[in-house]
Amino acid sequence: MKFHTEYLTFNTEKHRTYINITDKVAEILVQSGIQEGMVLVSAMHITAGVYVNDAESGLIHDIDDWLEKLAPYRADYRHHWTGETNGDSHLKSLLIGHQVLVPVTAGKLDLGTWQQIYYAEFDGQRPKRVLVKVMGE
Ligand code: ZN
């Protein structure tokens, strides 16, 4: 089995945002030369996430509203006793999950028709990394 590892860096303008990274992951897959296997896409942070879903803009707003409802910004998180202010960002990351595994078949991401890979930033405006590890033959 071969492995090919690369890192994507994001420094978002907004505190919270959702970025479609499917094309970037597909490019790395092509560079790897791997035909059959899988790609691990993993946020290297505790206040960001990676997920697979639709690229429809209304849905992205719905996801953001849903996360804010379940894990709202608040001043009174215990985490803030440390001087941090991003308690909600950690909780949003846990809800979305920090990594996905995408199948590779015949040298391509084997995603369903509407499946896209997203980086979800919950505490941006500073450089943050995503690991992309292609594994296979
Ligand atoms: Zn924190």
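The rules behind the values
Residues numbered from 1 in each chain as written. Predicted model: local features only at pLDDT ≥ 70, side-chain atom pairs only at ≥ 80, totals over all residues. Heavy atoms only, no water. Salt bridge = Lys/Arg side-chain N within 4 Å of Asp/Glu carboxyl O. Buried < 20%, exposed > 50% of the residue type's maximum accessible area, 1.4 Å probe, protein only. Donors = N, O, S within 2.8 Å, 3.2 Å for Na, K, Ca; no water. Tetrahedral: all angles 85-135°; square planar, octahedral: opposite > 155°, others 65-115°. Helix = DSSP H or I, 4+ residues; strand = E, 2+ residues; numbered from the N terminus. Expected span 1.5 Å × (residues − 1). Arc of directions from axis to C-beta. Contact = heavy atoms within 4.5 Å. Polar contact = N/O pair within 3.5 Å; in protein donor to acceptor, adjacent residues only side chain to side chain.

Peer 1: What's the story with the pattern of salt bridges in this structure? I'm lost.
Peer 2: This model, assessed by the stated rule, comprises 7 salt bridges. Asp 76 serves as the salt-bridge partner of Arg 74, at 2.6 Å between the closest nitrogen and oxygen. What makes Asp 76 exposed here is its relative accessible area of 54%. Among the ionic pairs, Arg 126 bridges to Asp 123, the shortest N-O distance being 3.1 Å. Relative accessible area serves as the criterion here: at 35%, Arg 126 is assigned to the partly exposed category. A relative accessible area of 12% places Asp 123 in the buried class. Through salt bridges with shared partners, a single ionic network connects Arg 16, Asp 64, Glu 68, Asp 88 and Lys 92.

Peer 1: I'm lost on the coordination of the zinc ion in this one. Help?
Peer 2: The expected angle between donors at a tetrahedral four-coordinate metal is 109.5 degrees. At an octahedral six-coordinate metal it is 90 or 180 degrees. The protein atoms that coordinate the zinc ion are His 79 (NE2), Glu 84 (OE), Asn 86 (OD1) and His 90 (NE2), at distances spanning 2.1 to 2.6 Å. What the 4 donor atoms of the zinc ion show is an angle range of 75 to 161 degrees at the metal, which sorts the shape as irregular. Sequence positions of the residues that donate to the zinc ion give the spacing H-x4-E-x1-N-x3-H. Assessed through its relative accessible area of 27%, His 79 is described here as partly exposed. Judged by relative accessible area, Asn 86 falls into the buried class, the value being 6%.

Peer 1: How do you make sense of helix H2 (residues 57-70) when you look at a structure like this?
Peer 2: Since one α-helical turn is 3.6 residues long, residues separated by three or four positions face the same way. When the terminal C-alpha atoms of H2 are compared, their 20 Å separation across 14 residues agrees well with the 20 Å that a helix rising 1.5 Å per residue should span. Among the residues making up H2, those that are buried are Ile 60, Ile 63, Asp 64 and Leu 67. Buried residues of H2, seen end-on, are gathered within an arc of 95 degrees and therefore sit on one face of the element. Among the exposed residues of H2, those oriented more than 90 degrees off its buried face are His 61, Asp 65 and Lys 69. Those residues of H2 that are buried lie in contact with strand E2 (17-20), strand E4 (48-53), helix H3 (87-96) and strand E7 (116-121). The distance from a side-chain oxygen at the start of H2 to the backbone nitrogen of Gly 58 is 2.9 Å, and the residue carrying that oxygen is Glu 56.

Everything listed here is a matter of coordinates, which is why it stays silent on function.
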